Amino acid sequence: MTPRGALRGVCIPRPGWFAVLLTAVALTSVTVMALLRTEEWVGWLPSTIGVLELASVWMPSLLATSAAWISGQPRAHGMAEWVSTSPRSQAQRNGVAVLLVGISGVLGLCLACGVVISESLRSGLDHGMSAGIVALWIPTMVTYAVFWSIVGAAAGALLPRTVALPLGVLVPYVVYAVLDVYAANLPVAVFAVNGTRFYDYVRPATDSLVVRLVFWSVAAAVAALALVRRWRLVQRGVWALSVAAAIALFVGPHYVPIAGAQAASCAGRLPQACLDGSHITTMPRYRSAIEDLWPSIPEPLRPDVVTSAADLVTDAKADVLVAPPVAGVTEPARMIDPTMFAARLGDALFLDRCTDTSGGFATAVVLERWWRDAHGVPVDGTAFVGDVDLDAADLDRSASVRAAEELAALTPERRRQWFATNASAIRDCRESTPVPVA
Amino acid sequence: MVVLEGVSAQLGGREVLREVDLVLPTGVTALVGRNGAGKTTLMRVLTGALKPTAGVVRVNGHDIHGMSAAMRAHRQGLGWQPQEPRLPPRMRVSRFLEYAAWLKRLSPSEGQGAVDTALAAVDLSDLRDRRLGVLSGGQRRRAALAAAIVGDPTLLLLDEPTLGLDPIQRSHFLGVVRKLAPDRSIVLATHLMEDVELASDRWVVIDGGRIVAARDVDRSSPAALSSTADDVREALGVDSRSGL
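For the structure given in this document, a descriptive report is provided here.

About the cut-offs
- In this convention, every chain numbers its residues from 1, walking through the sequence in written order.
- Lettering for chains starts from A, numbering for ligands starts from 1, and both go in the order in which the items are written.
- Side-chain atom pairs in this predicted model are given and counted only at pLDDT of 80 or more, local residue features only at pLDDT of at least 70, and totals for whole chains, interfaces and linings cover all residues.
- The side-chain values count all of the structure's non-hydrogen atoms but skip hydrogen atoms and water molecules.
- For two strands to be treated as a pair, DSSP must find at least two bridges joining them.
- Runs of E in the DSSP output that reach at least two residues are strands. Runs of H or I that reach at least four are helices, and both are numbered from the N terminus.
- All axes are obtained by fitting lines to C-alpha atoms, using only the stretch in contact for helices, and the reported angles, taken between N-to-C directions, cover 0 to 180 degrees.
- Throughout, a residue-residue contact means that at least one pair of heavy atoms, one from each residue, lies within 4.5 Å.
- Throughout, the protein atoms alone are placed on a 1 Å grid, and a set of points is a cavity if a 1.4 Å probe fits but cannot get out or a pocket if it is open with protein on both sides within 12 Å along at least five of seven lines; lining residues have an atom within 4 Å of a point.
- Grid points are joined across faces, edges and corners, and a volume is the space filled by probe spheres set on the points.
- Basically, the charged four are Asp, Glu, Lys and Arg, the nonpolar ten are Ala, Val, Leu, Ile, Met, Phe, Trp, Tyr, Cys and Pro, and anything else, Gly included, counts as polar.
- The crossing is said to be left-handed when, going from far helix to near helix, the turn is anticlockwise and less than a right angle, and right-handed when the turn is clockwise.
- What gets called buried area is simply the loss in accessible area from a 1.4 Å probe that two parts show on being joined, summed for both.
- We count a salt bridge whenever a side-chain nitrogen from Lys or Arg sits within 4 Å of a carboxyl oxygen from Asp or Glu.
- Polar contacts here mean pairs of N or O atoms no more than 3.5 Å apart (in protein, one a potential hydrogen donor and the other a potential acceptor; neighbouring residues in sequence count only if both atoms are side-chain atoms).
- A pair of aromatic rings is counted whenever rings of Phe, Tyr or Trp (Trp by its six-membered ring) have centres within 6.5 Å, and the orientation is called stacked for planes under 30 degrees apart, edge-to-face for over 60 and tilted otherwise.
- Only protein chains enter the accessibility calculation, which uses a 1.4 Å probe. A residue is then buried if its area is under 20% of the maximum for its type, exposed if over 50%, and partly exposed in between.

### A closer look at the sheet that holds strand S8 (residues 185-190) of chain B
Two strands in a sheet stick together by hydrogen bonds in their backbones, pointing the same way (parallel) or opposite ways (antiparallel). All names here are of chain B. Spatial strand order, S6-S7-S8-S3-S9-S10: six strands in an open sheet with mixed pairing. Whereas interior strands pair on both sides, the edge strands pair on one side only; in this sheet they are strand S6 (78-81) and strand S10 (210-216). Adjacent strand axes in the sheet meet at a mean angle of 15 degrees, parallel and antiparallel pairs treated alike. Bridge count between strand S3 (residues 27-32) and S8: six bridges; the pairing is parallel. Bridge pairing in S8 links Val28 to Ile186. Contacts from helix H6 (residues 167-180) reach S3, S6, strand S7 (155-159) and S8 within the one sheet, and its direction differs from that of S8 by about 155 degrees.

In structure tokens form, the structure reads like this:
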């Protein structure tokens, strides 16, 4: 059957327009994400190319639902029995939906892939990606798309529209969620098509990528054989798929380090900013965020280095603050939420210097309150994931609130003098002199 | 030539066709019966959608339920207009017929010619770009008929095709059916005497799943034609005031 045949053989008013629309949706949804620059918009994506993989979250649902809608048209219009008396086999009648949706979706994905790879090469931002990896996961995405198109077409032909369409949306998403989120640390994650983008420092090994390509190719082939009712071959295919899956599950997914991803990369002076190689593209934003907060850091406490991880700094004499770039639920992140980062830096300046609630902890809480109030950061433990609830940790809340207000009420000169007097105690989390009253 | 030999069929465990013997030659055969008499079931057996529990349906000598190749060949030459056809309202007439042509395995070029021929045969050429949802009841019936005759089928099954049409639409529709009759076997399932008188070459009465009477329509004179209705009513066991 030809693409032209697919256009004639679907029971929808404008199959050509539908194909163009589906291609455009597939293309633009991916391209827009890529061109908005992943490291700025999506933030936590380690690669521009990874955007294409992100399409595996919604693209299977889109294709399965589209195929279900098309193949379910005769049934929806009460024409199922009339259509069934055609000399065309049921496989051919359902196959046109797969052809139309599969070709449109895959065409859109491939065009998007071209745009994304071009953008990736132009920007030079991707880490851990290579032609070999791309060459393996593009066909994986294609077979994955074809597989869900077939499943959708079968659902549309066999089930009422009110059941088939929601299933078309939900089932691919559930499979994605199970493989990529809930079972991410289990052997079954070897089948996850969305498996390269989560890793800042490691990526799936080539053999894992081959396994998932083979698995989804066989799954698509078995689904196609079922669609054309070649049951004997389906039986053999399911048998082969089961054996292959068992071997893959036994081996499980494994990962290899991304070259240079953990290497230190430092920039600027006073303070110097240090990030790992995986987050090097964040450096301009990281430095900018530090510079924004720099004037409000008490001079005696200003560090030599601000870094996302302590082990990136080799100078043992340097005064180091560990304040990773943070956004959403991620740290180190590729984009920076100013409020979250202010909270993170405040913690590094004051609270993180205390290992327990003795000594200067009470002063650290006062200073943390003062810092957070000055930068509009909440103190109830909601500033970022893992934030300390100051109110709960505070042994004498009313006193520390009052002291923080008194510190804020001081003139800049008197506050500078107080910090100069107590800088050493603050660094070592020792008792400091009381905050003077304004 | 379509021949049914001792065909019985069940629906939901209930026997609705009982040992039907029937020959369908060229021309229009009116299949008359009350609601539930077995007309639609017989149609479904003829389409191949329902397999008989006993007996054989032969088309050009081949048992269509016996071999899939025979069924495919049968369906290639089959046109079927179901009772109360529901058509996709947003599709245009020509696009719907293109789809019907694809279902008949016609190539794009063959299909285009078949669509034009079918539209002309049912007098819908002017409405080819209209959406099916905006057509009148009669026009929709003719669109469904056009879909049935795409590809020039040799067996045309029309299940209650004039149901719900006003007299003018019905007359027009039956005129189209008459024009199609010389080249094919047409089975017109109906319970309207007017359909028998205006369009049929012969009539068959089915009652309780059995063929109870069959006769040619005598068109030699108006009087002979008018006696057809009385003969059918007599076969059905009803009088002229019954509404049939």
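Now that the structure has been shown, the text picks up again.
### Things to note about empty space enclosed by the protein
Using the criterion set out here, one finds five cavities of 30 Å³ or more in the structure. When its volume is computed, the largest cavity comes out at roughly 100 Å³. Every residue along the wall of the largest cavity is listed here: A:Trp82, A:Thr85, A:Ser86, B:Leu78, B:Gly79, B:Trp80, B:Ala100, B:Leu103, B:Lys104, B:Ala147 and B:Ala148. Of all the elements in the fold, those that place two or more residues in the lining of the largest cavity are S6, helix H3 (93-103) and helix H5 (137-149) of chain B. Counting residues per element, the lining of the largest cavity draws most heavily on S6(B), which supplies three residues. Of the residues that constitute the lining of the largest cavity, the class distribution is seven nonpolar, three polar and one charged.

### So, the packing of helix H8 (residues 131-158) of chain A against helix H9 (residues 161-182) of chain A
Residue and element names in this part refer to chain A. Put simply, H8 and H9 touch, their axes get as near as 9 Å, and they point 145 degrees apart. The way H8 lies across H9 gives a crossing that is right-handed. From H8, Tyr144, Trp148, Ala155 and Gly156 reach across to H9, where they touch Ala164, Val171, Pro172, Val175 and Tyr176. Within the contact of H8 with H9, the residues separate by chemical class into eight nonpolar, one polar and no charged.

### What about the interface of chain A and chain B?
Taken together, the contacts link 28 residues of chain A with 31 residues of chain B. Taking both partners together, chain A and chain B bury about 2,500 Å²; carbon and sulfur atoms supply 59% of that area. Contact with chain B buries surface across chain A, with A:Arg8, A:Trp82 and A:Pro87 losing the most and accounting together for 34% of the total. Summed over the shared surface of chain A and chain B, the number is one salt bridge. Between B:Arg44 and A:Glu81 there is a salt bridge; the shortest N-O distance is 2.5 Å. Counting the contacts that link chain A with chain B gives ten residue pairs in polar contact (both at pLDDT 80 or more). The set of elements that each furnish at least two residues to the side of chain A that touches chain B consists of helix H1 (3-8), helix H5 (73-76), helix H6 (80-84) and helix H7 (90-123) of chain A.

### So, the packing of aromatic side chains
All names here are of chain A. This model, assessed by the stated rule, comprises 15 aromatic pairs over all chains. Pairing Tyr144 with Trp216 gives two aromatic rings, centres 4.7 Å apart and planes at 80 degrees, and the pair type is edge-to-face. Of this pair, Tyr144 sits in helix H8 while Trp216 sits in helix H10 (residues 206-227), placing them 72 residues apart in sequence. For Tyr144, a relative accessible area of 3% corresponds to the buried category. Taking 5.0 Å as the distance between ring centres and 80 degrees as the angle between the ring planes, the aromatic pair formed by Phe147 and Trp148 counts as edge-to-face. The pair Phe147 / Trp148 is uniform in exposure class, with both members buried.

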